[in-house]
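In case you want the letters, here they are:
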2 protein chains.
Amino acid sequence: MVRLRRARCVRGAEALVGSLVGAGVDVCFMNPGTSEMHFVQALDSVPEMRGVLTLFEGVATGAADAHARITGRPAAVLLHLGPGLGNGIANLHNARRAGTPLLCVVGAHATDHVHHDAPLQSDITALAGAVSGWVHTCGHTRDVADDAVRAVAATTEHGGQVATLVLPADVSWSEGGALAPALPAALPVPPASSRVAAAAKAVREPGAVILLGGPALTAAAMDAAGRIAAATGARLIVETFPRLWDTGAGRPRADKLAYFAEEALAQLEGASSLVLAGARAPVSFFGYPGVPGDLVPDGTAVVGLADAASDAAAALEALAAEVAPDAVAEPAPHDAPEPAPGPLDVASLCAAVAATLPEGAIVIDEALTAGALLAPALQTAAPHAQLALTGGAIGQGPPAALGAAIAAPDRPVVAVQADGSALYTLQALWTQAREQLDVTTVLINNSAYAILRVELARTGAGEAAHSGRAGRMLTLADPTPDFVALATGYGVPARRVETTEELLDALRWAQAEPGPHLVEAIVPALG
Amino acid sequence: MVRLRRARCVRGAEALVGSLVGAGVDVCFMNPGTSEMHFVQALDSVPEMRGVLTLFEGVATGAADAHARITGRPAAVLLHLGPGLGNGIANLHNARRAGTPLLCVVGAHATDHVHHDAPLQSDITALAGAVSGWVHTCGHTRDVADDAVRAVAATTEHGGQVATLVLPADVSWSEGGALAPALPAALPVPPASSRVAAAAKAVREPGAVILLGGPALTAAAMDAAGRIAAATGARLIVETFPRLWDTGAGRPRADKLAYFAEEALAQLEGASSLVLAGARAPVSFFGYPGVPGDLVPDGTAVVGLADAASDAAAALEALAAEVAPDAVAEPAPHDAPEPAPGPLDVASLCAAVAATLPEGAIVIDEALTAGALLAPALQTAAPHAQLALTGGAIGQGPPAALGAAIAAPDRPVVAVQADGSALYTLQALWTQAREQLDVTTVLINNSAYAILRVELARTGAGEAAHSGRAGRMLTLADPTPDFVALATGYGVPARRVETTEELLDALRWAQAEPGPHLVEAIVPALG
């Protein structure tokens with residue numbers, strides 16, 4: 001456990017930070033303000049805690065989400081009152097949907113300052129409740145460390161959740177804090193034999209589909225799923241936005257469930273059953289007139305093997321032991337084809353990323369319209385992990401790349417990033433530069449909110465999606481953001497490329513040099 | 001009223017947009033997503049509504065806040081579900097504290113899609129409630145226009161507030177909408193003779209202070225206050241963060257209340273009474289150990305003349321008629337001294353802004369540590385209006401400059417902007433470029449969260465505020481953001497300056513050319 005000055009005279013902030021370190025939380029992504037100054041000060045007395053400064057709270061929360069996904073341990077952020085929490089909410093929403101264990105410490109006014117309704121006073125717990133499974137306001141310095149270890153334990157419940165601890169400034173600055181020992185993490189629910197038996201029956205029928213998600217996407221879980229598929233002929237499909245998926249060469253092939261409802265329905269059509277392993281029954285991302293929201297085809301049985309709070313790998317192992325005791329998963333080959341030369345398009349961009357992907361890389365996928373081509377291209381790339389936009393709140397990619405790189409300093413991070421989304425949280429590049437992280441961002445500049453053009457066209461607007469007053473709300477031209485200039489402004493070396501050859505050169509340059517890089521790839525918009 | 005296709009067959013979105021225009025809301029700052037596509041589509045059928053695209057929701061909400069402050073009419077934003085609202089919350093918080101009439105339309109999943117708990121589903125009303133005085137979810141297409149005009153009227157209640165209308169996608173896309181006529185705006189509360197009499201008694205005593213804020217900072221209200229001061233000797237003090245203050249040469253002098261509690265207490269010490277005109281009784285921005293949160297000195301009587309929901313100008317006129325029937329306000333001279341030449345510091349920067357300020361300019365003050373020198377320097381600059389960070393949620397400046405420039409295309413906007421705050425919402429520069437707005441941003445680059453260094457030093461951290469692990473959380477160096485590159489990336493011409501002479505040159509360049517400009521001024525940090 002962390003050594004501190006005599007327990008009697010430590011400040012609340014020191015007891016909190018020290019106890020977090022004791023509970024295994026030793027990185028905190030932060031954007032502090034006045035009410036958090038004693039927490040910041042405690043970084044000097046508790047050197048085991050690493051503070052990582054971000055320029056915007058949404059960067060901190062997105063980084064913490066990715067950090068926890070990669071390490072498998074709770075991550076932490078420090079935010080400044082209600083507005084700071086508000087700025088972090090979009091990526092906390094993504095963390096909530098990912099089932100990420102994330103501790104959110106929100107500084108607040110001193111207890112006896114609240115009644116003054118000072119300018120920054122707001123309803124922090126109302127905001128926190130919208131994204132957190134657990135919310136508590138510290139009431140006294142002597143309890144702050146206990147509150148902290150309870151909060152860390154709470155992040156591991158229900159398969160992983162956001163726990164928010166509101167920390168009044170006086171609780172933080174007063175003396176009388178003491179360290180608290182870590183509490184045990186909640187354990188995933190072990191496999192139930194009845195569920196395994198039902199799944200076994202389902203996958204032995206022709207036409208079964210196993211939908212993998214959440215905790216069922218680790219290398220071990222995927223290997224078990226691959227053995228089941230090899231033995232039974234069941235198809236493997238991975239949820240559209242995986243929290244962390246070990247994939248690539250040497251691992252079993254699996255398609256991703258398509259984003260658009262019509263395509264997902266077509267993928268699942270004719271399935272005899274849908275066995276859910278760590279995934280929920282699929283629903284459409286948005287509702288559309290005349291399109292069903294429930295994507296389970298009529299006549300397809302839904303069989304729940306393991307939910308997101310379960311030990312999905314153990315459940316898949318148990319299922320494999322039952323239906324595929326001697327089977328071997330058929331691994332995807334390492335066979336990333338050479339990308340087509342010449343002017344870049346989305347297909348050649350994805351192929352170039354696949355062809356150059358380093359082994360063990362972490363791929364941050366906020367490619368949006370380009371994502372449909374990225375996953376198939378990566379299927380036969382070097383083995384790697386993919387991390388996606390679980391909650392649909394865009395602006396996750398640049399922060400997630402930062403958090404993943406902090407979590408795994410020995411693994412290269414490749415972020416395949418749409419332009420419109422990047423512009424939500426591009427400040428993350430600055431922290432990538434400050435921490436000298438091995439992140440290569442491939443920025444797909446198509447000068448549009450391309451996915452919204454598709455959506456506007458689906459409303460019946462047709463050509464107006466590309467012109468007129470409505471279409472102008474979906475274009476990123478006039479002026480087109482210059483991502484080389486923006487990256488340079490944040491201290492990240494950058495290049496612009498327009499051909500496959502230039503992209504390949506730039507990727508080699510980025511991977512050869514230490515530190516972060518950005519490659520702005522000019523491509524025509526799909527749709 | 002707006003002409004639409006036969007009322008029977010218009011979509012909900014068209015009825016909504018058309019009715020907003022009828023109610024005087026004809027600009028909408030937006031960052032739409034799939035659930036808002038029919039609202040976007042309606043921009044083509046209701047050309048009276050101007051859509052202004054922003055790259056981030058916090059830009060939209062900050063711009064709308066400033067737009068309403070300048071026009072005096074309700075402004076509108078369009079946001080995308082809970083995460084989009086989350087991104088906009090910080091500047092909605094500022095709008096709430098400013099008493100800004102602001103309509104917040106938040107798109108939501110189609111009514112029958114909610115039960116699927118799709119990835120973007122979240123508790124929108126909980127988030128909205130934290131910043132809104134009025135929240136309603138549209139239930140049916142036939143009612144959407146009525147809901148909209150009620151929402152617009154609600155924004156004018158209680159002296160101005162945020163009203164949030166949650167718009168499910170099916171309500172928006174279905175036909176059966178009809179236009180609704182505008183409802184009357186709530187009127188400010190007229191002056192009460194008993195309050196005027198009490199205030200008259202107070203200001204006739206020596207040592208009275210009139211604290212002006214909110215609606216009491218218009219030219220008319222300030223002139224009345226100036227006459228009262230001239231006749232009675234009462235001191236005029238303006239609240240620390242005014243929502244919109246008509247000031248400069250020709251208007252009565254008034255000091256701003258200091259930001260730090262100790263300084264504000266010193267300013268008010270010995271006041272016989274504090275007459276509140278549109279302002280609340282002053283409280284410390286933050287609580288500190290051993291420092292009172294209530295800034296009214298012992299023995300000072302507090303006299304409420306007019307609150308933020310009152311017709312403060314009429315109340316001050318009534319008071320002036322009582323105590324200063326023949327008085328003339330003593331106007332500040334137009335006498336902005338030449339700034340000292342040589343390497344820039346905060347004093348010469350503020351003097352240069354004052355010396356070059358165009359008449360009628362709107363000054364956006366998010367200067368933070370530099371703000372203490374800015375207001376005195378501007379006191380004798382050309383007559384202008386100042387707009388400040390009412391709620392303390394930083395990242396308001398660049399969006400506010402955008403919104404003010406859209407509201408008043410014939411008035412130059414000068415934004416005096418701290419670096420750390422700018423980096424929250426710098427995307428606003430892109431919309432400034434797209435709309436070719438007359439905004440000059442003077443970016444004060446001191447490579448630090450300078451105000452937090454002051455705060456950290458106040459915790460007793462001392463030298464650690466500038467070094468060590470804690471100090472590193474407050475510095476913007478390593479790398480220092482390059483604001484010229486960042487502005488260029490967003491399409492805004494920019495220059496870096498290090499001397500007074502260069503700054504004056506750059507300000508003349510920015511004011512001579514149309515469109516937005518950014519001047520990055522390198523200055524040493526205070527504190």
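Residues numbered from 1 in each chain as written. Chains lettered and ligands numbered in written order. Predicted model: local features only at pLDDT ≥ 70, side-chain atom pairs only at ≥ 80, totals over all residues. Heavy atoms only, no water.

(A) Local environment of helix H10 (residues 261-268) of chain B. All names here are of chain B. Among the residues of H10, those classed as buried are Ala-261, Ala-264, Gln-267 and Leu-268. What you see down the axis of H10 is that its buried residues fit within an arc of 120 degrees, all on one side. Of the surrounding secondary structure, the elements contacted by the buried residues of H10 are strand S9 (208-212), strand S10 (235-238), strand S12 (255-256) and strand S13 (273-277). Looking one or two residues past H10, Gly-270 carries a phi angle of roughly 85 degrees, positive in sign. (Buried < 20%, exposed > 50% of the residue type's maximum accessible area, 1.4 Å probe, protein only. Helix = DSSP H or I, 4+ residues; strand = E, 2+ residues; numbered from the N terminus. Arc of directions from axis to C-beta. Contact = heavy atoms within 4.5 Å.)

(B) Structural view of the pattern of salt bridges. Residues and elements named next belong to chain A. All told, the structure shown has 28 salt bridges over all chains when counted by the stated rule. In this structure, Arg-142 engages Asp-143 in a salt bridge whose closest nitrogen and oxygen atoms are separated by 3.7 Å. Judged by its relative accessible area of 29%, Asp-143 is partly exposed. The partner of Glu-520 in a salt bridge is Arg-496, with the nearest N and O atoms 2.8 Å apart. Residue Glu-520 is located in strand S20 (residues 517-522), and its partner Arg-496 is located in strand S19 (residues 494-497); the two are separated by 24 residues in the primary sequence. For Glu-520, a relative accessible area of 1% gives the class buried. (Salt bridge = Lys/Arg side-chain N within 4 Å of Asp/Glu carboxyl O.)

(C) Quick peek at the pairing of S9(B). All names here are of chain B. Of all five residues in S9, five are buried; the element is thus mostly enclosed. On S9, burial covers both faces: Ala-208, Ile-210 and Leu-212 on one face and Val-209 and Leu-211 on the other are all buried. With three bridges joining them, S9 and S10 adopt parallel strand pairing. Within S10, the position partnered with Leu-211 by the bridge is Ile-237. Since S9 and S10 lie parallel, the crossover through helix H9 (residues 219-232) that links them has a hand, and here it is right-handed. (Pairing = 2+ DSSP bridges. Right-handed = clockwise from strand over helix to strand, strands pointing away.)

(D) A look at the relation of the copies chain A and chain B. When chain A is fitted to chain B, the residual RMSD is 0.0 Å, and the transformation amounts to a turn of 180 degrees plus an axial shift of 0.0 Å. Accordingly, the operation relating the two chain copies is best matched by a two-fold axis. In this assembly, 100% of the residues forming the interface of chain A have copies in chain B that are likewise at the interface, indicating an isologous arrangement. (Least-squares fit on C-alpha atoms with pLDDT ≥ 70 in both.)

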